[in-house]
Amino acid sequence: MVSLDLEENAALAAPAETNAPTKKQPFFRIWGPAMIAIAGVLAVNLALLGPTGGNIPPLSERHLSAKSLGDERLNIVREMESNTEADYQITKAGHRGLYVPSAVNRALEEEDAGIMEYTRRRHRYLGEYVHVDVSDEFSSFGKWSVSAIYFAFWVFLMFPNWFLPIGRPGIAMGGGLSMVVWRFILLKTGNGPFFEAEKVIIMEPLFLLFGLMLTTIYLEKMERGGLFDKLRDSLDDPVNWKRSAKIMAMSTIGSAAVMNDSIVLIFSGVVVDLCVRHKVANSLPYLLSLATTANIGSALTMTGNPQNILIVSLAYDDISWIEFASNMVLPVAAATFINSALVFLYYGSELFPGTTGIGQNFGIIFAGHRTPEMLAQEHAYYARQAAAKEGIEEEDSGAGWSIWSKIQVVVCILFLAAFAVGLDVCVVSICAGAVLMVIASYKRQHFDPRPDNNEYDAEGNALPPKKVYDMDGNEIEPEEEELVTESETTLTEVDYGLLMLFIGQFVLIGSFDDTGVPQAFFFATMGGCAEQMTSVPCVYWFVMVVTILSNLASNVPVVQMLAATFPFATPYDWIQVSYSATIGGNLTMLGSAANMIVAFQAAKVGDRTFTSERHAPFGIPSTLGALYAGTFLLTLVHFSPECSVRLGTC
């Protein structure tokens, strides 16, 4: 029988991949590419700017004019009288929240109330999202002690396995609470200002994560073989490199359309499950394929990640969806190519089993060649499929999409449509989860078979049911027993630890930003390039500084800091900030929320291969290569103006 032959091949092939001996790689093999990439970036900037910055050009007439007009406008805005009722009316119509691109109402045009009134109301409305500088209220001791606490917990979060086995959520919460206590001590001793911890916790991403987790759980648990299983099967492939390529394609496109945090939250468990299904010894290539391309793909659109949405809200001039995407097409395509090529290069032995080198890998990709090991994997895959179908009745195997799967599809389509038309994605995601919860509860109560609660003896005979009594001693009949609720089952599977991780990080980062150390680092490192940050050659150093800050203080606070420091930055300036802050998130584990979500979700199901030590050797060269290739393309081809229409510099 053919199926028996396939099963024999499967039995021979499966252990080969799982039990393959792992050799310890030499240090330079692991860290050599990262060191070369860092040296290359430093060499490029030294060549462009000079060892001491002597090649930095003086400010042009355009930069001097923009600086003068910006200072003049800020002074006028500060002197204008407040009109609380007018502010409320104009912001009420345009308010959508942090995670919607039109967070600022652009309806206040010059002919209605004037550019100056628009500027004033914009600054008042965005106050909660723009960093307020209170660094002058810290003593030197206060600044450096807060910075020391922050960096200590940054190290703990980066390498949680080096210390006590607390886990990242516990470390983040411990750091947040420690920071609150220390800031209170600084306040009482006169070394620092009052710390409003609740204001540095941005609630929108927490609401979004909770809604997405709720939605994901019900998509997965509602029905065996439902929409979630169909999505997993669509990413499956017997060939390792094709499976990785499918994950990267899905992650890139999905992140551009729906937001990177959503994609990694939904598909992290799917990727781990595929690795378990194929008995993969090293799941790192597949998890990296998901996380890195999610960040890269999210750079394409203004709704791809939180910092892009915040940038569009904070930009002084309008940036349309088409304008944003048209600027990003070439850089994102280049970054995707570089990242994908490095995945196949770094992990060739896992993705192309049995090959002898890069040349043979090219032949496999472009000519369809197969090695004996790859053929054995394909035979094992089809043997498992054949064995799985043997026990399924013909009517069940041809059932296709059930009514419950169709309902899931409808809910998902409505979710995407609501997101596309500009509704608050936080509310939409929570509503989608709540709707699925009601549907799942109704299905479980009226359609699912009742669970067998009988107990049996050693011979399989049913034992008489145990009698259950209420508080008054009255016997409760079996049909009167309380039903198991969603709160006791599915809601307990929400990863509240992930929410605690982000809350703790918000508190730590918010307190660190208050010290002014990130701002001081920015101006100290930028030097004469600070006022011409996106002009060549300064732009290549600028994107590196933004990348470093995004990994030290997170990308959303960096965007807030730049918006407060350069309130009249041009659309082109913001495009460069968006690209560098997003791509730079792949540099380290803490550089992006998507990385943290992948690591957390994978660890939840027992896969702890995605760690900071394993991420960095790939993340550093991939990020720097994608960052500088994309920045170069942006300097050559961009459609956003390098001047501000509203400021009058165009």
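Residues numbered from 1 in each chain as written. Predicted model: local features only at pLDDT ≥ 70, side-chain atom pairs only at ≥ 80, totals over all residues. Heavy atoms only, no water.

A. The arrangement of the overall build of the chain in detail. In terms of helices and strands, the chain carries 28 helices and two strands. Counting over 650 residues, the chain shows a buried share of 52%. Total accessible area on the chain stands at roughly 30500 Å², and carbon and sulfur atoms take up 63% of it. (Helix = DSSP H or I, 4+ residues; strand = E, 2+ residues; numbered from the N terminus. Buried < 20%, exposed > 50% of the residue type's maximum accessible area, 1.4 Å probe, protein only. Areas by Shrake-Rupley, 256 points an atom, 1.4 Å probe, with all protein chains shown as cover.)

B. View of the packing of aromatic side chains. For the structure shown, the criterion picks out 19 aromatic pairs. Ring geometry for F522 against F523: centres 5.4 Å apart, planes inclined by 85°, an arrangement best described as edge-to-face. Consider the rings of Y540 and Y628, whose centres lie 6.1 Å apart with planes at 15°: the pair is stacked. Here Y540 is found in helix α24 (residues 538–553), whereas its partner Y628 is found in helix α28 (residues 612–636), with 88 residues between them in sequence. When sorted by exposure, Y540 lands in the same class as Y628, which is buried. (Phe/Tyr/Trp six-rings, centres within 6.5 Å; stacked < 30°, edge-to-face > 60°.)

C. Just the environment of M259, in detail. Position of M259 among the secondary structure elements: in the loop between α11 (240–258) and α12 (260–277). The class for M259 is buried, based on a relative accessible area of 0%. Considered as a pair, M259 and G297 are 38 residues apart in the sequence and their alpha carbons are 8.9 Å apart.

D. Up close: the nonpolar core. In this structure, L290, F522, M526, L562, W574 and F610 are the most contacted members of the largest nonpolar core, which totals 157 residues. Among the elements that take part in this core, α24 stands out by supplying eleven residues, more than any other. (Core = buried A, V, L, I, M, F, W, Y, C linked by side-chain atoms within 4.5 Å.)

E. Layout of the pattern of salt bridges. Across all of its chains, the model carries nine salt bridges by this definition. R183 is the partner of D514 in a salt bridge, and the nearest nitrogen-oxygen pair spans 3.4 Å. Taken together, the positions of D514 in helix α22 (residues 496–514) and R183 in helix α7 (residues 168–188) put the pair 331 residues apart, joining distant regions of the chain. Residue class for R183 comes out buried when judged on its relative accessible area of 1%. Here the salt bridges do not stand alone but share partners, grouping D233, D236, D273 and R277 into one network. (Salt bridge = Lys/Arg side-chain N within 4 Å of Asp/Glu carboxyl O.)

F. Local environment of the side chain of T293. Here T293 is to be found in helix α13 (residues 284–298). On the accessibility criterion, T293 (1% relative accessible area) is buried. Separated by 3.2 Å, the side chains of T293 and S251 make a polar contact. (Polar contact = N/O pair within 3.5 Å; in protein donor to acceptor, adjacent residues only side chain to side chain.)

G. Quick look at the environment of M526. Along the polypeptide, M526 turns up in helix α23 (residues 517–526). Between the alpha carbons of M526 and W541 there is a distance of 7.5 Å; along the sequence they are 15 residues apart. Other than its neighbours up to four places away in sequence, M526 contacts M533, W541, F542 and V545. (Contact = heavy atoms within 4.5 Å.)

H. Local environment of α13. An ideal rise of 1.5 Å per residue puts 21 Å on 15 residues; α13 measures up with 21 Å between its terminal C-alpha atoms. Among the 15 residues of α13, 15 are classified as buried, and the element is accordingly described as predominantly covered. (Expected span 1.5 Å × (residues − 1).)

I. Broad picture of a nonpolar patch on the surface. A surface patch of nonpolar side chains, about 570 Å² in accessible area, is lined by V329, L330, F632, L636, V637 and F639. If you list the elements that add at least two residues to the nonpolar patch, you get α15 (321–346) and α28. With respect to the helices and strands, the residue L330 is situated in helix α15. Among the residues examined, L330 registers a relative accessible area of 42% and is labelled partly exposed. (Patch = residues over 30% accessible without salt bridge, like charges linked within 9 Å, V, L, I, M, F, W, Y side chains within 5 Å.)

J. Focus on the packing of α23 against α24. Across the interface, α23 lies against α24 with an axial gap of 10 Å and an inter-helix angle of 155°. The angle between the axes of α23 and α24 places the two elements in the roughly antiparallel class. α23 and α24 meet at a crossing whose hand is right-handed. Residues P518, F521, F522, T525 and M526 of α23 pack against W541, F542, V545, I548 and L549 of α24. (Axes fitted to C-alpha atoms, helices over the stretch in contact; angles between N-to-C directions. Parallel < 35°, antiparallel > 145°, perpendicular 65-115°, else oblique. Left-handed = near helix turned anticlockwise from the far one by under 90°.)

K. Here's a closer look at helix α2 (residues 27–49). Spanning 23 residues, α2 covers 32 Å between terminal C-alpha atoms, matching the ideal 33 Å at 1.5 Å per step. Every buried residue of α2 is accounted for by G32, A34, A37, V41, N45 and L49. Directly beyond the C-terminal end of α2, a positive phi value near 90° is found at G50.

L. Molecular detail of the packing of helix α6 (residues 140–158) against α24. Taken N-terminus to C-terminus, the directions of α6 and α24 make an angle of 85°; their axes are 10 Å apart at the nearest point. Taken together, the axes of α6 and α24 are roughly perpendicular relative to one another. Side by side, α6 and α24 meet where Y150, F151 and W154 of the first sit next to N551, L552 and A553 of the second.

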